[in-house]
Amino acid sequence: VVEVFISPTADLRRYYEIEVNPAGVICDLDITNHYTHQSGSSGISGDIDWNAENLRVAVSVNGKMNDPQVRDISWTVEMAIPFADFDRLTPTPGEVWRCNLLRIDRKSDIGNEYSCWSPTFTDPVAFHHPQYFGFLQFEESTSASR
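What this report covers is the structure whose coordinates are included nearby. (Residues numbered from 1 in each chain as written. Predicted model: local features only at pLDDT ≥ 70, side-chain atom pairs only at ≥ 80, totals over all residues. Heavy atoms only, no water.)

**Overview of the nonpolar core**
Piece 1. By size, the foremost hydrophobic cluster in this structure holds 11 residues: Val4, Ile6, Tyr16, Ile18, Trp50, Ala52, Leu55, Phe86, Trp97, Cys99 and Phe138.
Piece 2. If you list the elements that add at least two residues to this core, you get strand 1 (2-7), strand 2 (14-20) and strand 7 (96-105).
Piece 3. Residues within four places of Ala52 in sequence aside, it is in contact with Ile18, Asp28 and Asp85. (Core = buried A, V, L, I, M, F, W, Y, C linked by side-chain atoms within 4.5 Å. Buried < 20%, exposed > 50% of the residue type's maximum accessible area, 1.4 Å probe, protein only. Helix = DSSP H or I, 4+ residues; strand = E, 2+ residues; numbered from the N terminus. Contact = heavy atoms within 4.5 Å.)

**A few points about unusual backbone geometry**
Piece 1. Of note, the phi angle at Asn66 is positive, near 60°, even though the residue is not glycine.
Piece 2. Within the secondary structure, Asn66 sits in the loop between strand 5 (56-62) and strand 6 (74-80).
Piece 3. For Phe121, which is not glycine, the phi torsion reads 55° and is therefore positive.
Piece 4. In this fold, Phe121 is placed in the loop between strand 8 (113-116) and strand 9 (134-137).

**What about a nonpolar patch on the surface?**
Piece 1. Taken together, the side chains of Leu101, Trp117 and Leu136 make up a nonpolar region of the molecular surface, amounting to roughly 280 Å² of accessible area.
Piece 2. Tracing the chain through its elements places Leu136 in strand 9. (Patch = residues over 30% accessible without salt bridge, like charges linked within 9 Å, V, L, I, M, F, W, Y side chains within 5 Å. Areas by Shrake-Rupley, 256 points an atom, 1.4 Å probe, with all protein chains shown as cover. Salt bridge = Lys/Arg side-chain N within 4 Å of Asp/Glu carboxyl O.)

**Structural notes on the packing of aromatic side chains**
Here the distance between the centres and the angle between the planes together describe a pair of aromatic rings.
Piece 1. Applying the stated criterion to the full structure yields 12 aromatic pairs.
Piece 2. When the centroid spacing of 5.6 Å and the interplanar angle of 80° are considered together, the rings of Phe83 and Trp97 count as edge-to-face. Residue Phe83 is found in the loop between strand 6 and strand 7, and its partner Trp97 is found in strand 7; the two are separated by 14 residues along the sequence.
Piece 3. Overall, the relative accessible area of 2% leaves Trp97 in the buried class.
Piece 4. Relative to Phe138, the ring of Trp97 has its centre 5.1 Å away and its plane inclined at 65°; by these criteria the two rings are edge-to-face. Of the two residues, Trp97 is situated in strand 7 and Phe138 in the segment after strand 9; the sequence distance between them amounts to 41 residues.
Piece 5. Taken together, the aromatic side chains of Tyr16, Trp50, Phe83, Phe86, Trp97 and Phe138 make up a single cluster linked through ring pairs.
Piece 6. The residue whose ring lies beneath Arg98 is Phe135, and the NZ or CZ to ring-centre distance is 4.0 Å. (Phe/Tyr/Trp six-rings, centres within 6.5 Å; stacked < 30°, edge-to-face > 60°. Lys NZ or Arg CZ within 6 Å of the ring centre and 35° of its normal.)

**Here's the deal with the pairing of strand 3 (residues 26-33)**
Piece 1. The pairing of strand 2 with strand 3 spans 7 bridges and is classified as antiparallel. Paired with Tyr15 across the two strands is Ile31, which belongs to strand 3.
Piece 2. A loop of 5 residues connects strand 2 with strand 3, the two strands running antiparallel in sequence, and Gly24 in this loop sits at a positive phi of about 85°. (Pairing = 2+ DSSP bridges.)

**As for the pattern of salt bridges**
Piece 1. As enumerated under the stated definition, the model contains 6 salt bridges in all.
Piece 2. In this structure, Arg88 engages Glu95 in a salt bridge whose closest nitrogen and oxygen atoms are separated by 2.5 Å.
Piece 3. A relative accessible area of 26% places Arg88 in the partly exposed class.
Piece 4. Assessed through its relative accessible area of 15%, Glu95 is described here as buried.

Here is the structure:
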């Protein structure tokens, strides 16, 4: 599965989570994270009623899923998430959001593999530590095709 955590307000207690697996199955949640440095709490709750209604996903698999006779080589996912799905207008230049990009590869024969754009420095691996999310700073478009 690949996951995207996005906090358009940079409020680390609330962010969105979008997951996609190689079959193109989507899970989208509005997350409330109860973690604080003082309490150490890591409890989260997810609002399953929130939907990224205009989300577009394309998945390509190099192999044959769920067929042990065919070795899967790789898979690719592409997502287009309109700003409106986060109840936001187009960000202004200089605006900063927090986010993380994650990958979990569950392999029963050799153990799971985990990776993320912005490391969470947790053992065991846990991704819902928003204080480690990276920073996305929006800039004015320089493309000629605006």
